[in-house]
Amino acid sequence: MSENWSSDPELRVEHLTMRFGGLTAIGDLSFDAGRKQITALIGPNGAGKTTVFNCITGFYKPTEGMIIHRHPGGREFLLERMDDFRITQHSKVARTFQNIRLFGGMTVLENLMVAQHNVLMRASGYTIGGLLGSGHFKKREAEAIELAKYWLDKTGVVDRADDAAGDLPYGAQRRLEIARAMCTRPRLLCLDEPAAGLNPRESEELNKLLISIRDEHDMAILLIEHDMSVVMGISDHIVVLDYGRKISDGTPNHVKNDPAVIRAYLGVEDEQEEPIAQKLVAEGLKVHEKEGPAPRKPARRTTPAAKKGTRK
Ligand SMILES: Nc1ncnc2c1ncn2[C@@H]1O[C@H](COP(=O)(O)OP(=O)(O)OP(=O)(O)O)[C@@H](O)[C@H]1O
Ligand SMILES: [Mg+2]
């Protein structure tokens with residue numbers, strides 16, 4: 001597998017720090033996410049993964065550091081300096097949320113049309129006359145419907161287009177969130193635990209969807225995920241966080257054999273590491289090679305190592 005994410009990255013995170021009062025949720029984090037690659041951000045609960053997304057998408061202003069979104073052709077956006085709505089509109093970063101945030105009372109199709117309101121409002125010239133009369137607006141509206149139909153089909157919810165989004169089964173709602181993000185025409189797609197709550201069949205479908213988004217739409221995907229069958233199965237590159245610090249960065253093969261990762265996930269003492277590592281490899285980190293249900297979220301430390309653990 002190529003390790004070319006640093007030669008011409010889509011996203012470059014440099015020395016990112018996010019403090020909440022005395023708590024350092026992210027500490028001096030640097031990593032690159034490659035173009036047309038799936039980069040997974042993994043780590044135990046509370047490691048700081050969602051906080052990284054909140055900094056990238058402008059929801060939080062980082063305490064220190066830079067987040068550079070590099071479009072092909074050399075244009076760069078310094079995301080830490082931009083308002084969140086400009087990040088979506090100009091830098092073209094889209095995200096989904098750890099807890100689904102659809103407009104539950106709107107139909108599935110309406111959710112995808114709302115995602116395109118920037119394009120449609122621009123086409124209207126921000127006037128009622130533009131909305132009612134302009135051929136330009138009608139053309140853009142038809143394109144928006146086409147795009148919505150495309151993603152409805154691609155995410156397998158086209159049959160439910162006229163149903164309230166809140167009535168969809170959980171797995172379909174997760175896919176609809178991805179469809180809605182794609183309707184904003186992003187370059188970088190950030191997915192926060194898209195496989196949470198999915199059964200093994202739905203996880204497998206999600207893998208196929210994400211691979212096709214990467215390969216057919218030339219997207220860079222940043223993926224937070226606890227389901228190792230998804231992470232190990234589709235990631236080109238994995239960055240591992242623990243207590244807000246980067247503890248490993250490399251290919252799936254590199255990361256799953258990294259003792260620091262095994263320690264972080266299981267909180268084991270050094271002398272316990274070998275047998276636990278074997279168990280982990282047998283049961284968890286190689287789950288893409290075994291049948292059966294996906295593993296659950298790794299728990300926070302509960303062993304003596306956990307009790308010793310200190311947050312910097
Ligand atoms: N707005 C906030 N104010 C105070 N602390 C926060 C805030 N947001 C996050 N934190 C803290 O920052 C740390 C990292 O949280 P974060 O949600 O980023 O973890 P995570 O890796 O996404 O965890 P999980 O896997 O459970 O979703 C946690 O200790 C959390 O309590
Ligand atoms: Mg989170």
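Structure's up top.
Note on numbering: residues in each chain are counted from 1, in written sequence order. Each chain is given a letter, starting from A, and each ligand a number, starting from 1, according to the order in which they appear as written. At least 70 in pLDDT is required for a residue's local features to be given in this predicted model, at least 80 for side-chain atom pairs to be given and counted, and no such filter applies to totals for whole chains, interfaces and linings, which use all residues.

Q: What exactly am I supposed to notice about the overall build of the chain here?
A: Numbering of helices and strands starts at the N terminus; helices are DSSP runs of H or I of at least 4 residues and strands are runs of E of at least 2. Each helix and strand in the chain was counted, giving 13 helices and 10 strands. By the burial criterion, 44% of the 312 residues in the chain qualify as buried. Looking at the chain alone, contacts between residues at least 24 apart form 67% of all its contacts between residues at least 6 apart. A residue is called partly exposed when the number of other C-beta atoms within 10 Å of its own lies between 12 and 20, exposed at 12 or fewer, and buried at 20 or more, with C-beta atoms placed from the backbone. Each residue is represented by a C-beta atom placed from its backbone, and any two residues with such atoms within 7 Å are regarded as in contact.

Q: Teacher, can you tell me more about the pairing of strand β3 (residues 38-42) here?
A: In regular strands, side chains alternate between the two faces of the sheet. Most of β3 is tucked away: five of the five residues are buried. Covered by surrounding structure in β3 are Ile38, Ala40 and Ile42 together with Thr39 and Leu41, the residues of both alternating faces. Bridge count for β3 against strand β8 (residues 220-224) is four bridges, and the pairing is parallel. Pairing of Thr39 across the sheet is with Leu222, part of β8. Note on pairing: two strands pair once DSSP finds at least 2 bridges between them.

Q: Whenever I open this one, the site of ligand 1 confuses me. Can you help?
A: Nearness is defined per residue: the C-beta atom, placed using the backbone, must lie within 6 Å of the molecule or strand. Residues in close proximity to ligand 1 include Phe20, Leu23, Ala25, Gly43, Asn45, Gly46, Ala47, Gly48, Lys49, Thr50, Thr51 and Gln98, which together make up its full environment. Taken together, the residues of the shell around ligand 1 break down into four nonpolar, seven polar and one charged. Following the grouping adopted for this structure description, the nonpolar residues are Ala, Val, Leu, Ile, Met, Phe, Trp, Tyr, Cys and Pro, the charged ones are Asp, Glu, Lys and Arg, and the polar ones are all others, Gly among them.

Q: How should I be thinking about helix α6 (residues 135-154) in this particular structure?
A: Helical periodicity: at 3.6 residues per turn, an α-helix aligns residues three or four positions apart in one direction. Any helix carries an expected span of 1.5 Å times its number of residues minus one. For α6, which comprises 20 residues, the first-to-last C-alpha distance of 29 Å matches the rise-based estimate of 28 Å (1.5 Å per residue) to within 8%. Where α6 is concerned, the buried positions are Phe137, Leu147, Ala148, Trp151 and Leu152. Projected down its long axis, α6 shows its buried positions confined to an angular sector of 135°, all on one face. Exposed and oriented more than 90 degrees from the buried face of α6 are Gly135, Lys139, Ala142 and Glu146. Positive backbone phi, at 75°, marks Gly156, one or two positions downstream of α6. Along the arc lie the directions from the helix axis toward the C-beta atoms.

Q: Help me understand the sheet that holds strand β1 (residues 9-20), please; the structure alone is not making it clear to me.
A: Hydrogen bonds along the backbone pair up the strands of a sheet, which may run parallel or antiparallel. What the four strands build is an open sheet, ordered β2-β1-β4-β5; its pairing is antiparallel. Two strands lie at the open edges of the sheet, namely β2 (23-34) and β5 (76-78), each paired on one side alone. Strand-to-strand twist across the sheet, computed as the mean angle between neighbouring axes with direction ignored, equals 15°. Pairing of β1 with strand β4 (residues 64-70), which is carried by five bridges, proceeds in the antiparallel orientation. Note on β4: the bridge partner recorded for Glu14 is Met66. Here an angle of 0 to 180 degrees is reported between the N-to-C directions of two axes, which are lines fitted to C-alpha atoms, with helices fitted over the stretch in contact.

Q: Is there a simple way to explain unusual backbone geometry in this structure?
A: In the Ramachandran plot, Lys36 falls in the positive-phi region, its phi being about 50° despite a non-glycine side chain. Note on placement: Lys36 falls in the loop between β2 and β3. Residue classification places Lys36 among the partly exposed residues on the basis of 13 C-beta atoms within 10 Å. At Arg185, a residue that is not glycine, the phi angle is positive and equals roughly 55°. Mapped onto the fold, Arg185 is located in the loop between α7 (170-182) and β7 (188-192).

Q: Would you explain the environment of Arg70 in this entry?
A: Residue placement: Arg70 occurs in strand β4. For Arg70, a count of 21 C-beta atoms within 10 Å corresponds to the buried category. Each C-alpha atom, one on Arg70 and one on Leu11, is 6.0 Å from the other, the two residues being 59 residues apart in sequence. Each residue touching Arg70, except ones within four places of it in the same chain, is listed here: Pro9, Glu10, Arg12 and Glu76.

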